[in-house]
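Structural description and commentary
As a plain string of letters, each chain reads:
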Number of protein chains: 2
Amino acid sequence: MAQKPSIPKGTRDFNPEQVAKRNYIFNTIRGAFETFGFQPIETPSFENSSTLMGKYGDEGDRLIFKILNSGDYLEKFIQLFTLRSNFLFESFINEYIIGEKDIISFYDAEMAESVLLVENFKKLYDKNSELKGKGSEYFDDKFITSFYVYFTTNKDEIFNFLSKKKETSKIRIYDNEDSTDFNFFYTHTCSFFYQWIVMNQSSLANIISEKALRYDLTVPFARYVVQHQNEIEFPFKRYQIQPVWRADRPQKGRFREFYQCDADVVGSKSLWQEVEFIQLYDIVFSALKLEGVTIKINNRKILSGIAEVIGASDKLIDFTVALDKLDKIGEEKVKEEMLSKGISEAGIEKLQPLFNLSGSFESQIESLKSILNTSEEGKKGIEELAFINTAISELGLSTATLQLDVTLARGLNYYTGAIFEVSAPKNVQMGSIGGGGRYDDLTGIFGMKDVSGVGISFGLDRIYLVLEELGLFPETVTKNVEVLFINFGEKEALFSLKAIKELRLKDINAELYPDAAKMKKQMNHANKRAIPFVVLVGEEEINSHTYTLKDMVSGKQFKFSLQELITHIK
Amino acid sequence: MAQKPSIPKGTRDFNPEQVAKRNYIFNTIRGAFETFGFQPIETPSFENSSTLMGKYGDEGDRLIFKILNSGDYLEKFIQLFTLRSNFLFESFINEYIIGEKDIISFYDAEMAESVLLVENFKKLYDKNSELKGKGSEYFDDKFITSFYVYFTTNKDEIFNFLSKKKETSKIRIYDNEDSTDFNFFYTHTCSFFYQWIVMNQSSLANIISEKALRYDLTVPFARYVVQHQNEIEFPFKRYQIQPVWRADRPQKGRFREFYQCDADVVGSKSLWQEVEFIQLYDIVFSALKLEGVTIKINNRKILSGIAEVIGASDKLIDFTVALDKLDKIGEEKVKEEMLSKGISEAGIEKLQPLFNLSGSFESQIESLKSILNTSEEGKKGIEELAFINTAISELGLSTATLQLDVTLARGLNYYTGAIFEVSAPKNVQMGSIGGGGRYDDLTGIFGMKDVSGVGISFGLDRIYLVLEELGLFPETVTKNVEVLFINFGEKEALFSLKAIKELRLKDINAELYPDAAKMKKQMNHANKRAIPFVVLVGEEEINSHTYTLKDMVSGKQFKFSLQELITHIK
């Protein structure tokens, strides 16, 4: 039974040190969220598939981990795709072909009346007792109708070979001369049926899977808000720190299970929230001693406005995708790409001031004003950015810098106002360590209209890597065992445990080496675990009610009373 | 697109108050774990199926949530179970039947040489180009061998109808006289193939699912220990607080997603660990103010010893299952059940002292000594229990009681020494709120022998219900927003945010109402969220650099400087 154990690709084990470091980041973020008035919620790890599917685009749907239905899902599936499909066909064949009916005239007559044909299928099904029982719920009207639609849509191809026989008027499968026709027809229709199944994969997947692992925290949050709308007092400020799962190809820094740390406000369009989120980023990264992060901000309205001005409103996505590459490929290549996407030379010319944007937030705002003076939406975007910038200038940031970046287009399909992205300090090679924005219709997908939301997210794994690289984790982050009592035997162990009990009540992490092993082995254990203090209790100590403490770093030894011991270790 | 949102049955959303209360329990347990020297690890939410399957019995396997492989898993599955299975059969039929070979003599000749037949299958497969391509990796030797084994095992039935034709020596499918034979044979073998698939469901499930959600924390921990054995310093004391998932039927207090809080030590057989776990339970429940819990203890060696003494060593499970019901069904019914399971009258007579066991731990130990004086294993069990009890008596418990319960058999298949279970105080109707025990071969399933482990678990959901019922959650557990600043407009909001920034730096949870809504609406918002303080900042306050604080409970108002404000709220 021995197996070489491993874990699925893209997942991780965390050892005590890693857990402690991750918790240090979580706790810092959580503490800041709470001082800003955000309250925690938690949602289930898996949601109904219908809650998640179709919310992240086709690529997202593909990357959602689906959970197999429990119970006899597989049996049902097998019944559906093997025996029962065969039976359905055989019933059809038996009735209409082997039963010596005229298949062609049947189609000529019935084709126009699909309802009747579906009913005929249904009748066939109803009277076929072998189709009944377990799993038969999948052969409902919808299934049969769907099959019929495919069958009739492709009838020309399916019956192409039959038409060659039309002159004989009757298809006699068991004709002595024509017995291979049956085989041909069967294989042919099987193959069509197979294609139909492949085409309907996603709906058929529901037969074996109705639940899926959370893909992000935003859609479950939207679901939560709609489901609990009567219990929620709006505006609702919630935070959520939970893992999400994505079937992405694993690579450096990208995992199949990872935590998201989100804070969102729903139910208010106030720009003060954008202001507060910038403060929140600043507070968290300052608390983590990660100084020098850049909080980049843009606004979808600016991007729409620019697209409008250059006559490319219908090419907003192409335009922003190209603009987003300015840093990487440079001005000329960006222009080439825009041209190739059908944006006019004249339009691109109008963009020139954009390529020369630089300097302070304020001077960039001034340049944007001249570019966007004909776009109402653009002007609205400028106004919003200016409001936010003025407020932040008044309030001040501790260690972060706010920067206007008109090339920032992150999640454009989603955001309707502000767009945020946080970059690590320039001395670290790392993508964004946080991002967010405003979305005007968060809950619309679940039927609750006009609920505006704005939120930000912290990228835990990347923040971890940055803090590690810069050596910013505090030394005390791992709460190690502080003192190990050496075990010299039963009597000594019991005496030690009485002291250990008192130490623990004083919140000192203390333990007894479980076995009365050789002294050297026990000391080695303390060394390997980097335990700073060791206590030795022998006959003498028991008699004098004292404890010999050895400082494992300095090597010094002390003889202490219990109270002195506690004071020294704390 | 509007959907009425809901969550899967057996799962839960947690609102801010519930999250806070759950965290209160988690933090208490975590704190105690750490003072006892346990260190946290975390493992992935899903493991390879092979890590989990077969570790929890058949029932457990059924309750494990399996995750669908990502990508074109469904297409593969369909190919396997529809077209490809048909092709395999058709190839077989074409070669051996339609090809006019003598099927009976083929079997007579080849049956004895299975290898050859498998090779023939394989050759058939290899030369059938239609079987190649996507998904064909499943038609490997193992698949074909397995199929062959089933086929040959059932050959008599499959070829029953063929034997009737034996006199003609040749089966000619397309004989003019016999064309229905083909159809019959095809359907017949299809049906057998289907049965074979159903029988092999679990191995076939791997085609569509290779990962599964964690079912408990113990097996992943065992996997962790084996996988990371070279990095771990033994004895290894780890704790783990993570969710697990089970496809159990949901009912009151039983969920499909729930947290486990486990602490285990591996790599030492020292009984001091049992002693410490009893202390740990006492410390945690005392810290939660849940006084009066009973920590029940038993030892598998006691149960084995009793079974040995009454001559029912081979009926250990039946015996303990019956004994476990003593509380519920009483002495007479227990004896009846034992009789019905084949335990002798004489044996049951020897049990009489067991039914009269009562009184202190020590007096029960004495009675057990007389019952078990002929069983070496039983005597070892008594010795262990006595050691633990003596140590606990010396060390003392704060609020819990240690009780010997020889009927306790929890997880008997698993535990080899001590067995623990914690009952809530008698005034609460609730099952066990914790349990654990010693298992001598935790990591053997993964090929690492002789690693003894002992551990305990806390039942979060039940502890939550008990604390709720007894009103034991501290009032301060929910860290609510402490102060809301009323928003009177842009200038006032900015002034307020400057103060809010200072409050937050002092760790006060403070927020600004985001919109300059009507005063009444804002005050209502504070009331509904039970925010204790509201600050009003108008023209006058700005000019005088003061803040008007309203205590929402007493209704009193104060005019404060910023420093006074901070002092008053803190």
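Residues numbered from 1 in each chain as written. Chains lettered and ligands numbered in written order. Predicted model: local features only at pLDDT ≥ 70, side-chain atom pairs only at ≥ 80, totals over all residues. Heavy atoms only, no water.

1. As for the overall build of chain A
Within chain A one finds 25 helices and 16 strands. Out of the 570 residues in chain A, the part that is buried amounts to 59%. The long-range fraction of contacts in chain A, counting pairs at least 24 apart against all pairs at least 6 apart in sequence, stands at 70%. On chain A, roughly 24,100 Å² of surface is accessible, and the fraction owed to carbon and sulfur atoms is 49%. (Helix = DSSP H or I, 4+ residues; strand = E, 2+ residues; numbered from the N terminus. Buried < 20%, exposed > 50% of the residue type's maximum accessible area, 1.4 Å probe, protein only. Contact = heavy atoms within 4.5 Å. Areas by Shrake-Rupley, 256 points an atom, 1.4 Å probe, with all protein chains shown as cover.)

2. A look at the pattern of salt bridges
Where charged atoms of side chains with opposite charge meet at close range, the side chains can pair. Residues and elements named next belong to chain B. Taken as a whole and judged by the stated rule, the model has 54 salt bridges over all chains. Arginine 12 is the partner of aspartate 461 in a salt bridge, and the nearest nitrogen-oxygen pair spans 2.8 Å. On the criterion of sequence distance, the pair formed by aspartate 461 in helix H21 (residues 460–469) and arginine 12 in the segment before helix H1 (16–35) is long-range, its members being 449 residues apart. In this structure, lysine 379 engages glutamate 376 in a salt bridge whose closest nitrogen and oxygen atoms are separated by 3.5 Å. (Salt bridge = Lys/Arg side-chain N within 4 Å of Asp/Glu carboxyl O.)

3. A look at the side chain of A:Asp461
Residues and elements named next belong to chain A. Look at aspartate 461 and you get buried, because its relative accessible area is 12%. Within the structure, the side chain of aspartate 461 is placed 2.8 Å from the side chain of arginine 12, a separation counted as a polar contact. A polar contact of 3.4 Å, which involves the side chain of aspartate 461, links it to the side chain of arginine 22. With residues up to four places along the chain from it excluded, the contact list for aspartate 461 reads Arg12, Arg22, Phe255 and Phe258. (Polar contact = N/O pair within 3.5 Å; in protein donor to acceptor, adjacent residues only side chain to side chain.)

4. Section: the nonpolar core
Within the largest apolar cluster, 127 residues are counted, with the highest numbers of intra-cluster contacts made by A:Ile25, A:Leu280, A:Phe285, A:Phe319, A:Leu368, A:Phe458 and B:Phe485. In terms of residue count, the dominant contributor to this core is helix H13 (residues 272–287) of chain A (9 residues). Those residues in contact with A:Phe285 that lie beyond four places of it in its chain are A:Leu290, A:Val293, A:Val422, A:Ile433, A:Phe458 and A:Ile463. B:Ile382, B:Leu395, B:Leu402 and B:Leu460 belong to the second-largest nonpolar core, a separate cluster that totals 125 residues. (Core = buried A, V, L, I, M, F, W, Y, C linked by side-chain atoms within 4.5 Å.)

5. What about the environment of B:Leu465?
Along the chain, B:Leu465 falls in helix H21. The spacing of B:Leu465 and B:Glu482 is 17 residues in sequence and 27 Å in space, taken between C-alpha atoms.

6. Some thoughts on helix H14 (residues 300–309) of chain B
All names here are of chain B. Of all 10 residues in H14, 8 are buried; the element is thus mostly enclosed. Residues Lys301, Ile302, Leu303, Ser304, Gly305, Ile306, Ala307 and Val309 constitute the buried set of H14. Two or three places before lysine 301, at the opening of H14, asparagine 299 has a side-chain oxygen 2.9 Å from that residue's backbone nitrogen. A positive phi of about 70° marks glycine 311, the residue just after H14.

7. Quick notes on the sheet that holds strand S15 (residues 547–551) of chain B
All names here are of chain B. Reading across the sheet, the 5 strands line up as S13-S12-S14-S15-S16 and stay open at both edges, with mixed pairing between neighbours. Edge positions in the open sheet fall to strand S13 (510–512) and strand S16 (557–560), since each of these has one partner strand only. On average, each strand axis in the sheet is inclined to that of its neighbour by 25°, with strand direction left out of account. Alignment of strand S12 (residues 483–485) against strand S14 (residues 533–536), held across 3 bridges, turns out to be parallel. What sits directly across from phenylalanine 485, in S14, is valine 535. On the sheet, helix H23 (residues 519–528) packs against S12, S14 and S15 and is oriented at approximately 165° with respect to S12. (Pairing = 2+ DSSP bridges. Axes fitted to C-alpha atoms, helices over the stretch in contact; angles between N-to-C directions.)

8. Some words on the packing of aromatic side chains
Each aromatic ring pair is summarised here by two numbers: the centre-to-centre distance and the angle between the ring planes. All names here are of chain A. For the structure shown, the criterion picks out 34 aromatic pairs over all chains. An aromatic cluster is defined as three or more aromatic residues linked by ring pairs; in this entry it consists of Phe33, Phe38, Tyr239, Phe277, Tyr281, Phe285 and Phe458. Between arginine 12 and the ring centre of phenylalanine 255, over which it is positioned, the NZ or CZ distance is 3.4 Å. The cationic tip of arginine 238 hangs over the ring face of phenylalanine 221; the distance from NZ or CZ to the ring centre is 3.9 Å. (Phe/Tyr/Trp six-rings, centres within 6.5 Å; stacked < 30°, edge-to-face > 60°. Lys NZ or Arg CZ within 6 Å of the ring centre and 35° of its normal.)

9. Structural notes on unusual backbone geometry
Comment: phi is negative for the bulk of residues other than glycine, and the bulk of peptide bonds are trans. Omega for the bond connecting A:Phe234 with A:Pro235 falls within 30 degrees of zero, at -5°, which places this linkage in the cis form. In this fold, A:Pro235 is placed in the loop between helix H12 (218–227) and strand S5 (236–245). Within the chain, A:Asp507 stands out as a residue other than glycine whose phi angle is a positive 70°. Relative to the helices and strands, A:Asp507 is located in the loop between helix H22 (490–505) and strand S13 (510–512). Residue B:Asp450 is not a glycine yet carries a positive backbone phi of 60°. With respect to the element layout, B:Asp450 can be found in the loop between strand S10 (432–439) and strand S11 (453–458).

10. Describing the side chain of A:Glu42
You can see A:Glu42 is positioned in the loop between strand S1 (39–40) and strand S2 (46–48). Despite its burial, A:Glu42 pairs with no opposite charge, the nearest such side chain being B:Arg22 at 4.5 Å. Contact partners of A:Glu42, with chain neighbours within four places excluded, come to A:Gln240, A:Gln242, B:Arg12, B:Asp13, B:Phe14 and B:Val19. (Lys, Arg positive; Asp, Glu negative; His and termini not counted.)

11. A few points about the pairing of strand S14 (residues 533–536) of chain A
Residues and elements named next belong to chain A. Of the two faces of S14, the one holding Phe533 and Val535 and the one holding Val534 and Leu536 are both buried throughout. As defined by bridge partners, S14 adjoins strand S15 (residues 547–551) across 4 bridges and the pair is classed as antiparallel. Looking at the pairing, valine 534 lines up with lysine 550 of S15.

12. Concerning the environment of B:Pro44
With respect to the secondary-structure elements, B:Pro44 resides in the loop between strand S1 (39–40) and strand S2 (46–48). Separated by 176 residues in the primary sequence, B:Pro44 and B:Pro220 place their C-alpha atoms 8.6 Å from one another. Not counting chain neighbours up to four residues away, the residues in contact with B:Pro44 comprise A:Ile7, A:Thr11, A:Arg12, A:Asp13, A:Glu257, B:Arg214 and B:Arg223.

13. Section: the sheet that holds S15(A)
Residue and element names in this part refer to chain A. Here we have 5 strands laid out as an open sheet, ordered S13-S12-S14-S15-S16, and mixed in their pairing. Looking at the sheet topology across the chains shown, the edges are occupied by S13 and strand S16 (557–560). Put simply, the sheet's adjacent strands are angled 25° from each other on average, direction ignored. Helix-sheet contacts for helix H25 (residues 562–569) involve strand S12 (483–485), S14, S15 and S16, and the interaxial angle to S16 is about 135°.

14. Section: the packing of helix H13 (residues 272–287) of chain B against helix H20 (residues 376–395) of chain B
Residues and elements named next belong to chain B. Contact pair H13 / H20: the axes reach a minimum separation of 9 Å and the direction vectors enclose 45°. Taken together, the axis directions place H13 and H20 in an arrangement best described as oblique. As H13 packs across H20, the resulting crossing turns out to be right-handed. For the pair H13 and H20, contact is made by Trp272, Glu274, Val275, Ile278 and Gln279 and by Phe387, Ile388, Ala391, Ile392 and Leu395, respectively. A per-class count over the contact of H13 with H20 returns 8 nonpolar, 1 polar and 1 charged. (Parallel < 35°, antiparallel > 145°, perpendicular 65-115°, else oblique. Left-handed = near helix turned anticlockwise from the far one by under 90°. Nonpolar A, V, L, I, M, F, W, Y, C, P; charged D, E, K, R; others polar.)

15. Re helix H22 (residues 490–505) of chain B
Residue and element names in this part refer to chain B. Helix length check: H22 (16 residues) gives 23 Å between terminal C-alpha atoms against 22 Å at 1.5 Å per residue, within 8%. Considered for burial, the residues of H22 that qualify are Glu492, Ala493, Leu494, Phe495, Ser496, Leu497, Ala499, Ile500, Leu503 and Arg504. One or two residues past the end of H22 sits aspartate 507, with phi positive at roughly 70°. (Expected span 1.5 Å × (residues − 1).)

16. Quick word on the packing of helix H19 (residues 361–371) of chain B against H20(B)
Residues and elements named next belong to chain B. Between H19 and H20, whose axes approach to 11 Å, the crossing angle comes to 165°. By the angle between their directions, the pair H19 and H20 is classed as roughly antiparallel. Crossing hand, H19 versus H20: left-handed. On H20, the residues touching Phe361, Glu362, Ile365, Leu368 and Lys369 of H19 are Ile382, Leu385, Ala386, Asn389 and Ser393. Residue composition of the contact of H19 with H20, by class: 6 nonpolar, 2 polar and 2 charged.

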